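# Breakdown of the fold
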Amino acid sequence: MFNHAAAIVRETEVFIITAGAGMGVDSGLPDFRGDHGFWKAYPAYSRLGLSFADCANPQHFAHDPSFAWGFYGHRTNLYRTVIPHEGFHIIKEWIARNGANCFVVTSNVDGQFQKAGYAEDRILEVHGSIHWLQCQKPCRNAIWVNDEIVRIDETTMRAFPPLPRCPDCGEVSRPNILMFGDWAWQQDRTLKQEQAFNRFLMHNADRRIAVIEIGAGSAIATIRATSERIGWNCEHATVIRINPREPEIISPHISLPYTALEAVQKINALL
Ligand SMILES: NC(=O)c1ccc[n+]([C@@H]2O[C@H](COP(=O)([O-])OP(=O)(O)OC[C@H]3O[C@@H](n4cnc5c(N)ncnc54)[C@H](O)[C@@H]3O)[C@@H](O)[C@H]2O)c1
Ligand SMILES: [Zn+2]
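Report on the accompanying structure. The structure presented is a predicted model; accordingly, all values stated were derived computationally and were not measured.

### Some details on the overall build of the protein
Counting its regular elements, the protein contains eleven helices and eleven strands. For the protein, whose C-alpha radius of gyration is 19 Å, the value lies close to the compact-globule estimate of 18 Å for 271 residues. If one aligns the C-alpha atoms of the protein with their principal axes, the spans along those axes are about 55 × 35 × 25 Å. Looking at the protein as a whole, 41% of its 271 residues are labelled buried. Considering only intrachain contacts with a sequence separation of at least 6, the fraction spanning at least 24 residues in the protein is 69%.

### A word on helix H1 (residues 2–11)
Burial in H1 covers these residues: Ala5, Ile8 and Val9. Down the axis of H1, the buried side of the element spans an arc of 100°, and every buried residue falls inside it. In this structure, the buried side of H1 is in contact with helix H7 (86–98), strand S9 (209–214), strand S10 (237–242), strand S11 (254–256) and helix H11 (260–269).

### Overview of the sheet that holds S11
Judged by pairing direction, the sheet is parallel, and its six strands sit side by side in the order S3-S2-S1-S9-S10-S11 without closing on themselves. Of all strands in the sheet, those with a lone pairing partner are strand S3 (123–125) and S11, marking the two edges. Adjacent strand axes in the sheet meet at a mean angle of 15°, parallel and antiparallel pairs treated alike. Here strand S2 (residues 101–106) pairs with S3 via three bridges, running parallel. Following the sheet pairing, Thr106 is matched in S3 by Glu125.

### Let's talk about the sheet that holds strand S8 (residues 173–177)
One open sheet accounts for three strands, arranged S5-S4-S8; its pairing is antiparallel. The sheet is open, and its two borders are formed by strand S5 (143–145) and S8, each paired with just one other strand. Between one strand and the next, the sheet's axes are offset by a mean angle of 50°, whatever the strand orientation. Packing against the sheet, helix H6 (residues 65–81) makes contact with strand S4 (128–135) and S8, and its axis sits at approximately 140° to S4.

### Remarks on the site of ligand 1
Surrounding ligand 1, one finds 28 residues, the nearest of these being Gly20, Gly22, Asp31, Gly215 and Gly217. Across the shell around ligand 1, the residue classes tally to twelve nonpolar, ten polar and six charged.

### Observations concerning helix H10 (residues 222–233)
Under the 1.5 Å per step criterion, the end-to-end length of H10 is 16 Å for twelve residues, consistent within 8% with the ideal 16 Å. Contacts made by the buried residues of H10 are with strand S1 (14–19), S2, S9 and S10.

### Section: the nonpolar core
In terms of nonpolar packing, the biggest core is built from 40 residues, with Ile16, Val104, Val211 and Ile240 touching the most fellow members. Once you skip the residues sitting within four places of it in the chain, Val211 turns out to touch Ile16, Thr18, Ser227, Ile230, Gly231, Ala237, Val239 and Ile240.

### Comments concerning the pairing of S4
When you tally the buried positions in S4, you get seven out of eight residues, the bulk of the element. Pairing between S4 and S8: five bridges, direction antiparallel. Bridge pairing in S8 places Gly128 opposite Ile177.

### A look at the packing of H7 against H11
H11 packs onto H7 with a crossing angle of 35° between their chain directions and a minimal axis gap of 9 Å. By crossing handedness, the relation of H7 to H11 is classed as left-handed. Residue-level inspection shows Glu86, Gly87, Ile90 and Ile91 of H7 in contact with H11, the latter providing Ala260, Leu261, Val264, Gln265 and Asn268. Here the contact of H7 with H11 is composed, by residue class, of five nonpolar, three polar and one charged.

What counts and how
- Residues numbered from 1 in each chain as written.
- Chains lettered and ligands numbered in written order.
- Predicted model: local features only at pLDDT ≥ 70, side-chain atom pairs only at ≥ 80, totals over all residues.
- Helix = DSSP H or I, 4+ residues; strand = E, 2+ residues; numbered from the N terminus.
- Rg over C-alpha atoms; globule rule 2.2 N^0.38 Å.
- Buried ≥ 20, exposed ≤ 12 C-beta atoms within 10 Å, placed from the backbone.
- Contact = placed C-beta atoms within 7 Å.
- Arc of directions from axis to C-beta.
- Pairing = 2+ DSSP bridges.
- Axes fitted to C-alpha atoms, helices over the stretch in contact; angles between N-to-C directions.
- Near = placed C-beta within 6 Å.
- Nonpolar A, V, L, I, M, F, W, Y, C, P; charged D, E, K, R; others polar.
- Expected span 1.5 Å × (residues − 1).
- Core = buried A, V, L, I, M, F, W, Y, C linked by C-beta atoms within 7 Å.
- Left-handed = near helix turned anticlockwise from the far one by under 90°.

Now the structure itself:
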C-alpha cells in the first residue's frame, strides 16, 4: 500500500492536494466530526446544546453579533497562531524534487497552506477564508483582509466590544466564508480561484497526476467528490486518500487509513 503510494509520488508530474479539516488535526486543530467532535473542541457550545451548524449561521451577525464573533473570533485567533505540521513541508519537497506542478483544493478556511508557503495563486478555498472579511448585509461586494484583533471570553464564547465593522456602512462585518443557510456570502474570490483551478486542470489533464487527499470527511463531501472526479476523469490520475477513519476508495486508487503526518512520513521514507 505504501510502496504503491511511493511509486506514484515518485513518478508524478502534477500534484493536486485536496484537503479537509483532518489536514489540520496533526497541527493541533480540531476537526468538527460529528457533534461530539465539535463539543469536545468547544465545551461552551456543548453546555448550550448548539451544534457546528447552529453556530455557523450568518444570522447571528445580525441578531447576536457578540455570539457570532465569539465563534469566528476564536477560530481566527487559533488559525493565526497554529503552526502547520511537517506534512505540509514534506509534500512541498516532493513537488520541488519532481519539478512538478501543484494546486491545492481545500474546504478549510484556516489559511494553513499559505502559511506553510504554498503559492496563493495555486490554492482554491471552496468555502472561502477566515482571513478575509465582508459586510454582513452586504452593502456592496467588497471583501478586505481580516486584520482585526477580537478578544473572547472563553467561558461564554462571547466576543468583547468593539466588534469588527464594515468600513462602508458601519454594520458588523463577518468572515468571507460560506456558512449554513448563507445567502450573503460574497463568493467572487472563490470563483476566481475556481477559474484558475479549472485552467490548471485543462492544461495538465493528460499528465501523470497524483491527487493527495488528506482528512476530507464524508458528511460534507465536496472535497472527496473533487478527488474522485479527477481520479475517474483524467486517464493518468491516481487518488491517494489519507484518512484514519473513513479511507475507503475503489482501486486502482489508494486508501491509507492513517493520520496526515503519519502517512506522509511513511511515504516519504520510501522515496
Ligand atoms: N480548519 C478548518 O478550516 C476547518 C476545521 C473544521 C471544519 N471546517 C469546515 O467544516 C466543514 C467539514 O469539513 P470536513 O469534511 O473537512 O471535516 P470533518 O470534520 O467532517 O471531517 C474531518 C475528516 O478528517 C479525518 N481526520 C481526523 N483526524 C485526522 C488526521 N489526524 N489526519 C487525517 N485525517 C484526519 C476524519 O476521519 C474525517 O474524515 C468544511 O466545510 C470546512 O470548511 C474547517
Ligand atoms: Zn456594509
